[in-house]
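Residue-level structure breakdown
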Amino acid sequence: MTELNNLPEAGDGGSPVGDASVDAVLARLDNLQALPVEQHAEAYSALHDALLDALNEDNPSAAGDA
C-alpha cells in the first residue's frame, strides 16, 4: 500500500510558476490552514476565480505572443 504521508507540508508555498499574477494567487493557499474547514470551499472557489482572472489577462509573456 502506498503511504500518503510523504506529501509536501500544507502551506509550504511550492515553486513559483513564473507568472507574477498566478504566483500571487497561489501564495494565498498558505492562508488556508488558518481557516475553519467549513470555509475551505468558499476559499477554493475564490482562488479558482482569481486564477481564471490571472490566466485570462491579456498580457503576452513570451516573445512572439500577440
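Definitions and limits used
- Residues numbered from 1 in each chain as written.
- Predicted model: local features only at pLDDT ≥ 70, side-chain atom pairs only at ≥ 80, totals over all residues.
- Heavy atoms only, no water.
- Helix = DSSP H or I, 4+ residues; strand = E, 2+ residues; numbered from the N terminus.
- Buried < 20%, exposed > 50% of the residue type's maximum accessible area, 1.4 Å probe, protein only.
- Areas by Shrake-Rupley, 256 points an atom, 1.4 Å probe, with all protein chains shown as cover.
- Axes fitted to C-alpha atoms, helices over the stretch in contact; angles between N-to-C directions.
- Parallel < 35°, antiparallel > 145°, perpendicular 65-115°, else oblique.
- Contact = heavy atoms within 4.5 Å.
- Nonpolar A, V, L, I, M, F, W, Y, C, P; charged D, E, K, R; others polar.
- Expected span 1.5 Å × (residues − 1).
- Arc of directions from axis to C-beta.
- Polar contact = N/O pair within 3.5 Å; in protein donor to acceptor, adjacent residues only side chain to side chain.
- Patch = residues over 30% accessible without salt bridge, like charges linked within 9 Å, V, L, I, M, F, W, Y side chains within 5 Å.
- Salt bridge = Lys/Arg side-chain N within 4 Å of Asp/Glu carboxyl O.
- Lys, Arg positive; Asp, Glu negative; His and termini not counted.
- Charge placed at Lys NZ, Arg CZ, Asp CG, Glu CD.

1. Description of the overall build of the chain
When its secondary structure is counted, the chain shows two helices and zero strands. Split into buried and exposed, the 66 residues of the chain put 12% on the buried side. Summing over all exposed atoms, the chain offers an accessible surface of approximately 5500 Å²; the carbon and sulfur share of this is 53%.

2. Digging into the packing of helix α1 (residues 20–27) against helix α2 (residues 40–55)
Relative orientation of the contacting elements α1 and α2 amounts to 175°, with a least axis distance of 9 Å. If you check the angle between α1 and α2, you find them roughly antiparallel. Between α1 and α2, the residues in contact are Ser-21, Val-22, Val-25 and Leu-26 and Leu-47, Ala-50, Leu-51, Ala-54 and Leu-55, respectively. Across the contact of α1 with α2, the residue classes tally to eight nonpolar, one polar and no charged.

3. Notes on α2
An ideal rise of 1.5 Å per residue puts 22 Å on 16 residues; α2 measures up with 22 Å between its terminal C-alpha atoms. Taken residue by residue, α2 has His-40, Ala-43, Leu-47, Ala-50 and Ala-54 as its buried positions. Projection of α2 onto a plane perpendicular to its axis shows the buried side chains occupying an angular sector of 90°, all on one side. Exposed and oriented more than 90 degrees from the buried face of α2 are Ala-41, Glu-42 and Asp-53.

4. A short note on the side chain of His-40
With respect to the helices and strands, the residue His-40 is situated in helix α2. Excluding its chain neighbours within four sequence positions, the residues that come into contact with His-40 are Leu-32 and Leu-35.

5. Observations regarding the environment of Asp-23
Among the secondary structure elements, Asp-23 is positioned in helix α1. Assessed through its relative accessible area of 21%, Asp-23 is described here as partly exposed. Along the sequence, Asp-23 and Leu-51 sit 28 residues apart, while their C-alpha atoms lie 9.3 Å from each other. What Asp-23 contacts, discounting residues up to four positions off in sequence, is Pro-16, Val-17 and Gly-18. At a separation of 2.6 Å, a polar atom in the side chain of Asp-23 contacts the main-chain amide nitrogen of Val-17.

6. A look at a negative patch on the surface
Taken together, the side chains of Asp-19, Asp-49, Asp-53 and Glu-57 define an acidic patch exposed on the protein surface. Mapped onto the elements, Glu-57 comes out in the segment after α2.

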